[in-house]
Amino acid sequence: MPVSAPEIPTLILEPTDRAPSLARAFLAEQFRIWGAESDFVARVVVCELVTNALLHGAGTIIVRVFPDAREGLAVIEVWDQGPGLPVVQPESADLTSGRGLLLMSEMVRAWGTRPITEGGKIVWATCAL
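The rules behind each value
- Residues numbered from 1 in each chain as written.
- Predicted model: local features only at pLDDT ≥ 70, side-chain atom pairs only at ≥ 80, totals over all residues.
- Heavy atoms only, no water.
- Phe/Tyr/Trp six-rings, centres within 6.5 Å; stacked < 30°, edge-to-face > 60°.
- Helix = DSSP H or I, 4+ residues; strand = E, 2+ residues; numbered from the N terminus.
- Buried < 20%, exposed > 50% of the residue type's maximum accessible area, 1.4 Å probe, protein only.
- Pairing = 2+ DSSP bridges.
- Axes fitted to C-alpha atoms, helices over the stretch in contact; angles between N-to-C directions.
- Contact = heavy atoms within 4.5 Å.
- Left-handed = near helix turned anticlockwise from the far one by under 90°.
- Nonpolar A, V, L, I, M, F, W, Y, C, P; charged D, E, K, R; others polar.

S.K.: Please explain the packing of aromatic side chains as it appears in this structure.
M.R.: Centre-to-centre distance and the angle between the planes together describe a pair of aromatic rings. For the coordinates displayed, the defined rule picks out 1 aromatic pair. Residues F31 and W34 carry aromatic rings whose centres are separated by 5.7 Å and whose planes lie at 45 degrees to one another, so their mutual orientation is tilted. Placement of the pair is F31 and W34 together in helix α1 (residues 19–34), with a separation of 3 residues, close to one helical turn. Owing to a relative accessible area of 2%, F31 belongs among the buried residues under this scheme. Since its relative accessible area comes to 28%, W34 is described here as partly exposed.

S.K.: Help me understand the sheet that holds strand β2 (residues 61–68), please; the structure alone is not making it clear to me.
M.R.: The 5 strands are arranged β1-β2-β3-β5-β4 in an open sheet whose pairing can be described as antiparallel. Where the open sheet ends on each side, the last strands, each with one partner, are β1 (10–13) and β4 (110–115). Shown here is a sheet whose adjacent strand axes are inclined to one another by a mean of 15 degrees, direction ignored. For strand β3 (residues 73–80) and strand β5 (residues 121–128), the ladder comprises 8 bridges, and the chain directions are antiparallel. Considered in β5, the bridge of I76 is made with A125. Across the face of the sheet, α1 comes into contact with β1, β2, β3 and β5 while running at roughly 20 degrees to β2.

S.K.: What am I meant to see in the pairing of β3 here?
M.R.: Put simply, side chains in a regular strand alternate between the two faces of the sheet. For β3, the tally of buried residues reaches 7 of 8 residues, placing the bulk of the element in the interior. In this sheet, β3 lies alongside β2 in antiparallel orientation, the contact comprising 7 bridges. Residue pairing in the sheet places V63 in a bridge with V78 of β3. Connecting the antiparallel pair β2 and β3 is a turn made up of 4 residues, with G72 showing a positive phi of about 70 degrees.

S.K.: Is there a simple way to explain the packing of α1 against helix α2 (residues 40–56) in this structure?
M.R.: For any two helices packed against each other, the geometry is given by the interaxial angle and the distance between the axes. Put simply, α1 and α2 touch, their axes get as near as 9 Å, and they point 150 degrees apart. In the crossing of α1 with α2, the sense of the turn from one axis to the other is right-handed. Here A19, P20, A23, R24, L27, A28 and F31 of α1 come into contact with α2, specifically with A42, R43, V46, C47, V50, T51 and L54. When the residues that make up the contact of α1 with α2 are grouped by side-chain class, the tally is 11 nonpolar, 1 polar and 2 charged.

Okay, here's the thing in structure tokens:
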């Protein structure tokens, strides 16, 4: 008998300045449903990834959040249709932006990117659930 896969909570966002706050609220609700003790790191992560997709990506932004029960982690994925990949910038006291990925990379267990066949990419990160 076939077994169906569970649905993955997904949020589809228009690329507007409201996207990061909508993504944070979506993530907070998922963590509440899962009974997580804290969603602080995950909210920072989703905000950074959605902001990068908004500023440097293209098209609709898709956010997916799901638990990795084997590791006790949450997986956060942010999709956009832009070709550019995120780059961690070196620390600099002279820059007024560009530190978000550096900060995020220190807060998560792992993160990376993978291309989408239709164009664009998924940027993902795992953090405590």
